[in-house]
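Structural overview
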Amino acid sequence: MLQPYRDRFNAQFTSSKYEELLAHLNRRTRTSVDFRVAETPCFLPNSLMEEFSQTGAQLTHQLLDNPAYLLASEQCVPAQYRMPNENPQPNFMTVDFGLVRNSDGTLSPKLVELQAFPSIFGYQDILCRQYIETYNLDPTFSWHLGGLNEQTYWQLLSKVILNNHAPENVILLEIDPDHQKTLPDFHIYEDKLGIATVDITTLIKRGNRLFYHRDGREIPIHRIYNRAIVDELERNNIKLPFDYRDELDVEWAGHPNWYFRISKFSLPYLDHPSVPKAVFLDEWYARPSLSGLPEDREKLLLKPLYSFAGKGIQFAPTDDDLNAIPPDQRHLYLLQQRVSFEPVIVTPHGLTQAEIRIMYLWPDGEALQPAIALVRLGRGLMMGVDHNRNQLWVGGSAALCPLG
C-alpha cells in the first residue's frame, strides 16, 4: 500500500525466502505454525494506524462509559457462565477494521467487529520481527502502537498477564492447548514470561483455590491468563473440575465475562461513522421497517453472537434462513449491513483486501493502550486464515510503519 516499499518488496520476493520465514517461525515457536502465514507484510502509514487506534479506543469507551450498555451487557452473560469478581474493565481488546473507499477517493476504516478477548499478542510480535529479519527490510520499521517499542511492549504485556505474581503461579488456561492452532502463541509466553500453559480439564480445585501440576509438583494458581472460549466448551460437552459461578480465590487476566459483554452483542449499541448498521434478529422481526437495514438481502449478513473465527456467518440470508432460527434464540443473532471492503494491497496475484486488527492492553486501574496490530489478507468473502488456506499471498500478516 505504501510506496516505494510495496513495489520493492514484490520485485525482490523469492519463494525460498518465504520458506525461510516459515522455518524461522516454526523454530522460534517450537511447533508448526498451522494457520497460513502471508508471504508479505503490509506497509502502512503511521497516520492510518493512528486513525485505527483512536477509532477503536473511541468505540470501546462508547460502550464502557455507557451505564445503559453495561447493564444490558451484564444480562447477556449466560447464567451458568456468569463468573463473580469481574474486573471493572477488560484487560484485552481487539477491534477489527476493513477499508472502504469514500466518494472523494480517500480510504476510511469500517468496523468489522470488536471483542474483549486476547488475541495472539506473543506470536504477532515475533512475526513482525521475523518479516524484517528474513526479508532484510529496513530495520527502522515500527510495528508497535501508542509509542511502544519491543521492550516496553513486553513490559506492558507482562504487567497485564502477571500483575506482579511469580510466573509459576500464573497460567495460560486453554482447552486442549496442544491441539489449538494458537499453540505457537502459547509457546512465546512460556519462553518470554515463564508461565505454564494448562488444559482447563486438568485443574485441581481445593476449597476455593485452584492448582495445577508442573514438574511433579502441585502449584497454587494466583492469576489466570484466560484463553478458553465458552462456546468450545459447550460444543465439545467438556466437563470442568470447577464451576464458573464458584467464588474462586484467583485473579483473571481477561475475566471470562468480558468475552460476552464486548462482542458482536455490542454492535447495535454503537453510534459512529465507522460502524455498519446492525440489529438483533428478534428486534428485526418485531420492527423490520424501523431497522435501518438495506432491503436487498445481498447487502446483509446474519451472524451468531457467540462464535469465533467466522463460524456460522451467512451471507445474503433468505427468509428460510431466518425462519429456521427458533424464536427463543433470535436474540442470539445479528442482522448486519454488509460492507464492501476495498482491496488495496498489490500482490503478484492481484489486489488483495486487508483486515486490520488493533490489539489493546488495559492494565487494571490504568488507561487503554493500543499495543500492536495484526493484519489478515484475503481475496474471498471471509478474511479469516481458515477461509483463505488454498490461496497464495493471503493469510496472517503484519503492519510495518516507516519512521517519521
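In this text, all values refer to a predicted model and were calculated from it rather than measured experimentally. (Residues numbered from 1 in each chain as written. Predicted model: local features only at pLDDT ≥ 70, side-chain atom pairs only at ≥ 80, totals over all residues. Heavy atoms only, no water.)

Details of the sheet that holds strand β4 (residues 170-174)
One open sheet accounts for four strands, arranged β5-β4-β9-β10; its pairing is parallel. Strand pairing shows two members of the sheet lacking a second neighbour, β5 (196-199) and β10 (251-253), which therefore form its edges. Pairwise comparison of adjacent strand axes, ignoring direction, gives a mean angle of 35° for this sheet. Both β4 and strand β9 (residues 223-226) contribute to a ladder of four bridges, which runs parallel. Its bridge partner being in β9, Ile171 is matched across the sheet by Ile224. Its contacts with the sheet place helix α6 (residues 150-162) against β4, β9 and β10, and it is angled at close to 115° to β9. Across the face of the sheet, helix α7 (residues 183-193) comes into contact with β4, β5 and β9 while running at roughly 175° to β4. (Pairing = 2+ DSSP bridges. Helix = DSSP H or I, 4+ residues; strand = E, 2+ residues; numbered from the N terminus. Axes fitted to C-alpha atoms, helices over the stretch in contact; angles between N-to-C directions. Contact = heavy atoms within 4.5 Å.)

As for the packing of aromatic side chains
Inspection of the entire model under this criterion finds 26 aromatic pairs. Each ring, one from Phe43 and one from Phe141, has its centre 5.5 Å from the other, and the planes form 35°; the classification is tilted. One end of the pair, Phe43, is in strand β1 (residues 42-43); the other, Phe141, is in the loop between α5 (121-134) and α6, with 98 residues separating them in the sequence. In this structure, Phe43 and Phe141 share a single accessibility class: buried. (Phe/Tyr/Trp six-rings, centres within 6.5 Å; stacked < 30°, edge-to-face > 60°. Buried < 20%, exposed > 50% of the residue type's maximum accessible area, 1.4 Å probe, protein only.)

Points about the nonpolar core
If you look at soluble globular proteins, the nonpolar side chains tend to sit buried side by side. With 118 residues, the main nonpolar core has Met49, Leu114, Phe121 and Tyr189 as its most contacted residues. Viewed by domain, this core spans two of them, domain 1 (163-253) and domain 2 (277-337), each represented by three or more residues. Not counting residues up to four positions away in its chain, the partners in contact with Leu114 are Leu59, Leu63, Met93, Thr94, Val95, Ile262, Ser263, Lys264, Ser266, Leu267 and Leu270. (Core = buried A, V, L, I, M, F, W, Y, C linked by side-chain atoms within 4.5 Å. Domains from an automatic or database assignment.)

Structural notes on the environment of Glu86
In this structure, Glu86 sits in the loop between α4 (67-75) and β2 (92-101). Apart from residues lying up to four places away in sequence, Glu86 is in contact with His255, Asn257, Trp258 and Arg261. Polar contacts involving the side chain of Glu86 include one to the side chain of Arg261, which spans 2.4 Å. (Polar contact = N/O pair within 3.5 Å; in protein donor to acceptor, adjacent residues only side chain to side chain.)

Focus on the packing of α5 against α7
At their nearest, the axes of α5 and α7 sit 7 Å apart, and the two run at 90° to each other. Considering the angle they form, α5 stands roughly perpendicular to α7. Each of Phe121, Gly122, Tyr123 and Ile126 in α5 lies in contact with α7, whose residues at this interface are Pro184, Asp185, Ile188, Tyr189 and Lys192. (Parallel < 35°, antiparallel > 145°, perpendicular 65-115°, else oblique.)

Focus on the domain arrangement of the protein chain
According to the domain assignment, the protein chain contains domain 1 (163-253) and domain 2 (277-337). Distance from the C-alpha centre of domain 1 to the C-alpha centre of domain 2: 35 Å.

Remarks on the pattern of salt bridges
A side chain of one charge can pair with a side chain of the opposite charge if their charged atoms are brought near each other. Following the criterion strictly, the structure yields 23 salt bridges and no others. Between Arg357 and Asp96 there is a salt bridge; the shortest N-O distance is 2.7 Å. One end of the pair, Arg357, is in strand β16 (residues 350-361); the other, Asp96, is in strand β2, and 261 residues separate them in sequence. Residue classification places Asp96 among the buried positions, given a relative accessible area of 3%. Between Glu355 and Arg376 there is a salt bridge, and its shortest N-O distance comes to 2.3 Å. Here the residue Glu355 occupies a position in strand β16, and Arg376 occupies one in strand β17 (residues 369-378), the gap between them amounting to 21 residues. For Arg376, a relative accessible area of 17% gives the class buried. One connected set of salt bridges, linked through shared partners, spans Asp96, Glu355, Arg357 and Arg376. (Salt bridge = Lys/Arg side-chain N within 4 Å of Asp/Glu carboxyl O.)

Describing the sheet that holds strand β13 (residues 314-315)
The antiparallel open sheet is built from four strands, whose spatial order is β11-β14-β12-β13. Of all the strands in the sheet, the pair left with one neighbour each is β11 (278-280) and β13. By the bridge criterion, three bridges tie β11 to strand β14 (residues 333-337) in an arrangement that is antiparallel. Its bridge partner lying in β14, Val279 is registered against Leu335.

Some words on unusual backbone geometry
Of the consecutive residues Gln3 and Pro4, the connecting peptide bond is found in the cis state with omega at 5°. A positive phi angle, near 50°, is found at Asn163, a position not held by glycine. Assignment of secondary structure puts Asn163 in the loop between α6 and β4. A residue is classified by how much of its surface remains accessible, and Asn163, at 26% relative accessible area, is partly exposed. Of note, Asn164 is a non-glycine position whose phi angle comes to about 70°, a positive value. For Asn164, the location among the structural elements is in the loop between α6 and β4. The class of Asn164 is exposed, set by a relative accessible area of 81%.

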